[in-house]
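Residues per chain, in single letters:
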Amino acid sequence: MKEAHPRVMRHVTIQLQRRKGRRRGVVGNADLVDKLHGFSPPSGFLKPVPLVRILNTVCDRTGRLCVPPCYVICVAMLRLLLHGVFFLQYVRFSRQQFPRLCATADALLSKECCPVWDGDGSACGASSGRGFCQDVEVSDLPNGPNYPFSGLDDRERWPLVFYNRTCQCASNYMGFNCGECQFGLFGDNCGERRESLRRNVFHLSAAERQKLISYLNLAKHTINRDYVIATGTYREMNNGSSPLFSDVSTYDLFVWMHYYVSRDALLGGPGNVWTDVDFGHWAPAFLPWHRVYLLHWEREIRKLTGDFGFSIPYWDWSNAQGCDVCTDDLMGARSPLNPNLISPASVFSSWKVMCSQAEDYSARGVLCDGSDEGPLRRNPGNHNRNLVPRLPTAEEVEFTVSLPNYDTGTMDRSANLSFRNTLEGFGNSQTGLGSSAVIGMHASLHIFMNGSMSSVQGSANDPIFLLHHAYVDSIYEQWMRRHAPEETHYPESNAPIGHNRQYHMVPFLPLHRNIEYFVSSKDLGYEYSYMLNSDQRIAEVLSPYLALMMEVWPWLLGALVLGALVAITVATITVTTTRACWGQWPWQRGKKNSAYHLPERKPLIISSDSDTHNYNSV
């Protein structure tokens, strides 16, 4: 995997230790430290908590902070400078919902979203043959009976309520202005094919885990320069003459998208909503829609960080006994102060959620406006066990994959022996029968988390959502490879609204049709590590240990060299001392009266004059 660009920073929340006996220089000046600490750049530029260390260096022996006012001002100015530099360096172009250039009254009134590609200065990169501004074609085939209205919801026949002309890109190109490559393609002309690898999150090295968390936090706190979210309906915008859009961070852009695709239909006025509708769940498009969602999210992280080798890891929750990823080195442990919150030791404890109050929006008849709605919540395992007795097993995963039909019957939550419905969690994972009283597979994880992730519309607020859906997508991929379905396996008509074969996915711009992602992941440029051959799997499992060895081998080598030098030095000193002192010993000087020299009572060698025979005489 390609290493992150050295400029990538990590957002590190400095946890002030307020317990008795901790460093009084920091504790006693918590407010000042809070004001000074902030973003922390990556290793190689500054260390993770430089300001705390700086503050500690200016504390006297009593532990009291003695920072001159001018020093405080200088540090504050330095912080502002760093923020500005990092903001300019890290904000990148995004390629999803409502391009800022298309969120104007002129664009909405003309119903045209065909921005200029900077590469050649033409709309949709037409001068370079990347694409052209064309009329949007939508399917007129009938939908299922679950939504008996027409012309009331902005998502109907997407995206015609907002735009009827968009960029239609040529074969290898993609993006709202055709300025990007299709998934899996790279290079200036999008002619280079590469395959990325999505790995088990527990096979990541410590550095890779830290990088994942840093990327998530960076996306959470980076305002998206090129995309905005709609905070009002087209009707509330006076049919486009009064645009209602709002800025949002890159991470929260995807939170909003997941909310928008699954929200209730607003029929006009407080409480006047239709709940039996979802353009991305409860029907055939569930798996293709989330596949595109993850691909776009993965791409945005790559562009934001400059790390084009980044891939979303997955959490294999089959046979899990609890939330294995709920640790402070991954998605955050449970707070010891409040079981519904995240541990203060995790950066996710400071995250705020949005679009999580579905019932309130419906009661008021409004859209989510992107406002903060409190901290991220999670209390895994303390859920309704009558609904979800336990997490899914490997046997249930295998049963689900063995079902030959992608979708059946009414193609909704009541579908029997439907792979899609069983994997989504509304078909029984042991019998395949729909409308199950016990929730399984995908949906069981959402309920098990018992917090922000348990609401369909607000579930993407929890970063576990990404790891979870990456594994769901891998099960979808297992089924695709085992059954090799034809295009006709995907329903052409009569599916719930938004789910027919040729329907454009809500709310994506550029446009994607459902059928385009009813294909293998390898056609889209990525693979799952547990689907590799045996030799490749062994190498993948060993990779974090090899990475650790690569990190520590210089230290081991240094220790070995240092040990050898110490041994040689000790040996040299010993030999030199021994030689110097050898001649000073009493028996070397012939002193008979030495305390170390005993008187000789008998000759050691018999004299030839003696009457006793010696060896020669014998």
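Given the structure is predicted, the values throughout are model-derived calculations rather than measurements.

Draft legend 1. Layout of the packing of aromatic side chains. All chains considered together, the criterion is met by 38 aromatic pairs. For the ring pair Trp158 and Tyr260, a centre distance of 6.5 Å and an interplane angle of 65° mean the geometry is edge-to-face. A residue pair is termed long-range when its members are at least 10 positions apart, and Trp158 in the loop between strand 4 (131–135) and strand 5 (165–169) and Tyr260 in helix 7 (residues 250–262) qualify at 102 residues. Exposure class is identical for Trp158 and Tyr260. Each is buried. Taken together, a centroid distance of 4.9 Å and an interplanar angle of 85° make the contact between Trp317 and Tyr471 edge-to-face. Of this pair, Trp317 sits in the loop between helix 8 (286–305) and helix 9 (358–364) while Tyr471 sits in helix 13 (residues 464–483), placing them 154 residues apart in sequence.

Draft legend 2. View of the side chain of Ser436. For Ser436, the location among the structural elements is in the loop between helix 11 (419–424) and helix 12 (441–449). In this structure Ser436 comes out as buried when scored by relative accessible area, which is 16%. A polar contact of 3.5 Å, which involves the side chain of Ser436, links it to the side chain of Asn428. A distance of 2.7 Å separates a polar side-chain atom of Ser436 from the backbone oxygen of Val438.

Draft legend 3. Up close: unusual backbone geometry. Pro159 follows Trp158 through a cis peptide bond whose omega is 5°. As for its placement among the helices and strands, Pro159 is situated in the loop between strand 4 and strand 5. A cis amide bond, omega -5°, links Val506 with the succeeding residue Pro507. When you line up the elements, Pro507 lands in the loop between helix 13 and strand 15 (526–528). Of note in this structure, Cys355 is not a glycine but carries a positive phi near 55°. Structurally, Cys355 is set in the loop between helix 8 and helix 9. For Cys355, a relative accessible area of 0% corresponds to the buried category. Look at Met411: it is not a glycine, yet its phi comes out positive at around 55°. Residue position: Met411 is located in the loop between helix 10 (394–402) and helix 11.

Draft legend 4. A look at the confidence of the model for the protein chain. Here the protein chain averages 83 in pLDDT, while 76% of its residues score no lower than 70. Contacts for the low-pLDDT stretch residues 1–96, under 50 throughout, to residues beyond four places or in other chains number 152 contacts. Note that pLDDT drops below 50 for residues 600–618; the model gives that stretch five contacts with residues more than four away or on any other chain.

Draft legend 5. Fine view of the environment of Gly280. Tracing the chain through its elements places Gly280 in the loop between strand 14 (273–274) and helix 8. You can call Gly280 buried: its relative accessible area is 0%. Distance in space between the C-alpha atoms of Gly280 and Tyr260 is 9.5 Å, their sequence separation being 20 residues. For Gly280, the residues in contact, after removing those within four places along its chain, are Val261, Ala285, Phe286, Trp289, His290 and His499.

Draft legend 6. Helix 13, seen in detail. In this model helix 13 runs 29 Å from its N-terminal to its C-terminal C-alpha over 20 residues, within 8% of the 28 Å that 1.5 Å per residue would give. Most of helix 13 sits out of view: 16 of its 20 residues are buried. Of the residues trailing helix 13, Ala484 is marked for its positive phi of about 40°.

What counts as what
Residues numbered from 1 in each chain as written. Predicted model: local features only at pLDDT ≥ 70, side-chain atom pairs only at ≥ 80, totals over all residues. Heavy atoms only, no water. Phe/Tyr/Trp six-rings, centres within 6.5 Å; stacked < 30°, edge-to-face > 60°. Helix = DSSP H or I, 4+ residues; strand = E, 2+ residues; numbered from the N terminus. Buried < 20%, exposed > 50% of the residue type's maximum accessible area, 1.4 Å probe, protein only. Polar contact = N/O pair within 3.5 Å; in protein donor to acceptor, adjacent residues only side chain to side chain. pLDDT = per-residue confidence, 0-100. Contact = heavy atoms within 4.5 Å. Expected span 1.5 Å × (residues − 1).

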